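Per-entry structural report
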Amino acid sequence: MSNTISEIEQFRDQIRLKTLKELYHLGFGHYGGSLSIVETLAVLYGGVLKIDPANPRWEERDYFILSKGHGGPAYYAALALKGFFREELLYTLNQNGTSLPSHPDRNLTPGVDMTTGSLGQGISAAVGVALSHKLSGNSNSTYCIVGDGELNEGQCWEAFQFAAHHKLNHLSVFVDDNKKQLDGLTKDIIDPIDFAEKFKAFGFYTLQVDGSSIQEIYDAIKLGKIQNEKPVAIILDTIKGQGVPYLETKADNHHIRPNPEDEAAILEAIADLERRMERTVTG
């Protein structure tokens, strides 16, 4: 690991802060599903991925694909903080002429390995990337985050079956199990039953972790790398709006156009994170 757990936790706070600021500046956006993947992004970009921000297309890099493309604001925050582009660009999110569209676009944004957003398709692309590396004899790892609601799509399960059949052991899939999707609770729309058991049945080496724990996420990735015969599934127990108590308990928190009460809570969350980071620097 390139950074300590404490350093990655600080990176997590920076990602969450930038995510809130860019969405607040825009005036609307996907708060819930962006915030629920912050910890996973912090671990990947703060301690796991082999990348070079000065050379985003480096052939020996690890690949990251955000299949649930509406989590793009958090993804962009992580990329900006790692130096793939200027942090000021975060405030152009989803505006005319931006290089940071609502959903990631590999042709526009440095550091984005695959254009995603049409749910179900990102994981298929990730499986294709992982297969290409295996056939070429390359050691590149491929990491992909999918949403729990996204897994309503049959295309995802076809991709998982294909990945297990081809023993794509350098592929790691993170399921953001935040229990909610656009139209309500995931269990009420299509009950997933048990993600861990399903992934095991599909031939994955499967782990379940607290998706708010930097340590647990990192340890799961490490365990996945030890075994070398199966693709890896890490089921993240998360909360939509994670890390911001007000947003965690807001009923409709998938996409938010803040009302005055929401705005006050978001600004307070921003202030809390800034105070925490200041204490860390001066402490």
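All residue numbers refer to positions counted from 1 along the written sequence of the respective chain. Where local features are concerned, this predicted model is filtered to residues with pLDDT of at least 70; where side-chain atom pairs are given and counted, the filter is 80 or more; whole-chain, interface and lining totals use all residues. The basis for the side-chain values is all heavy atoms of the structure; hydrogens and waters are excluded.

Side note on the packing of aromatic side chains
The criterion for an aromatic pair is that two Phe, Tyr or Trp rings (for Trp, the six-membered ring) have centres within 6.5 Å, with stacked assigned to planes under 30 degrees apart, edge-to-face to planes over 60 apart and tilted to the rest. For the coordinates displayed, the defined rule picks out 11 aromatic pairs. With 5.3 Å between their ring centres and 80° between their planes, Phe199 and Phe204 make a pair best called edge-to-face. Like Phe199, the residue Phe204 is buried in the burial classification. These aromatic residues form a ring-pair network of at least three members: Trp157, Phe160, Phe199, Phe202 and Phe204. We call a charge positioned above a ring when the Lys NZ or Arg CZ atom is no farther than 6 Å from the ring centre and deviates by at most 35 degrees from the ring normal. We note Arg61 situated over the ring of Tyr63; from NZ or CZ to the ring centre the distance is 4.0 Å. The cut-offs for exposure are 20% and 50% of the maximum accessible area for each residue type, with area from a 1.4 Å probe on protein chains only; residues under the lower value are buried, those over the upper are exposed, and the others partly exposed.

Notes on the side chain of Ser172
Strands here are runs of E lasting at least two residues and helices are runs of H or I lasting at least four, both read from the DSSP assignment and numbered beginning at the N terminus. Within the secondary structure, Ser172 sits in strand β3 (residues 171-177). Of the residues examined, Ser172 reaches a relative accessible area of 11% and is grouped as buried. By the convention used here, residues are in contact when the closest approach between their heavy atoms is within 4.5 Å. If near-sequence neighbours (up to four positions away) are discounted, Ser172 is found in contact with Thr142, Tyr143, Cys144 and Val232.

Some words on the sheet that holds strand β7 (residues 232-237)
Pairing is parallel in the open sheet, where 5 strands are placed in the order β1-β2-β3-β7-β6. Two strands lie at the open edges of the sheet, namely β1 (63-66) and β6 (205-210), each paired on one side alone. Averaged over all pairs of adjacent strands, the angle between strand axes in this sheet comes to 20°, irrespective of strand direction. Of the strand pairs in this sheet, β3 and β7 are connected by 6 bridges, and their pairing is parallel. Bridging from a neighbouring strand, Ser172 pairs with Val232 of β7. For helices, the fitted axis covers only the stretch in contact; all axes are lines through C-alpha atoms, and the angles between them, taken along N-to-C directions, range from 0 to 180 degrees. Contacts from helix α9 (residues 214-226) reach β2 (142-147), β3, β6 and β7 within the one sheet, and its direction differs from that of β6 by about 170°. Being paired, for any two strands, means DSSP has found at least two bridges between them.

As for the environment of Arg16
Tracing the backbone shows Arg16 in helix α1 (residues 5-26). Residue classification places Arg16 among the buried residues on the basis of a relative accessible area of 3%. The sequence separation of Arg16 and Ser36 amounts to 20 residues, and the corresponding C-alpha distance is 9.6 Å. Excluding anything up to four places from it in sequence, Arg16 contacts Leu35, Val38, Glu39, Gln242, Gly243, Val244 and Leu273. Definition of a polar contact: a pair of N or O atoms within 3.5 Å, with one able to donate and the other able to accept a hydrogen when the atoms are protein atoms, and with sequence-neighbouring residues admitted only if both atoms are side-chain atoms. Among the polar contacts listed, one links the side chain of Arg16 to the side chain of Glu39, at a separation of 3.0 Å.

Overview of the nonpolar core
In these notes, a set of buried Ala, Val, Leu, Ile, Met, Phe, Trp, Tyr and Cys residues joined through side-chain atoms within 4.5 Å is what counts as a nonpolar core. Core analysis: the biggest nonpolar cluster contains 54 residues, and Leu20, Leu41, Leu44, Tyr45, Phe64, Phe174 and Ile221 have the highest contact counts within it. Among the elements that line this core, the one with the most residues is α1, at 8 residues. Residue contacts for Phe174: discarding those within four places in its chain leaves Thr40, Leu44, Tyr143, Cys144, Ile145, Val146, Ile217, Ile221, Ile234 and Leu236. Residues Ala130, Ala159, Ala163 and Leu171 belong to the second largest nonpolar core, which totals 27 residues.

Overview of unusual backbone geometry
The backbone of Lys179 sits at a positive phi, close to 75°, despite the residue not being glycine. Checked against the element boundaries, Lys179 lands in the loop between β3 and β4 (180-181). In this structure, Ile193 takes a positive phi of about 65° despite not being glycine. Inspection of the secondary structure assignment puts Ile193 in the loop between α7 (186-189) and α8 (195-201). Overall, the relative accessible area of 71% leaves Ile193 in the exposed class.

Purely geometric stuff here, so don't read any function into it on its own.
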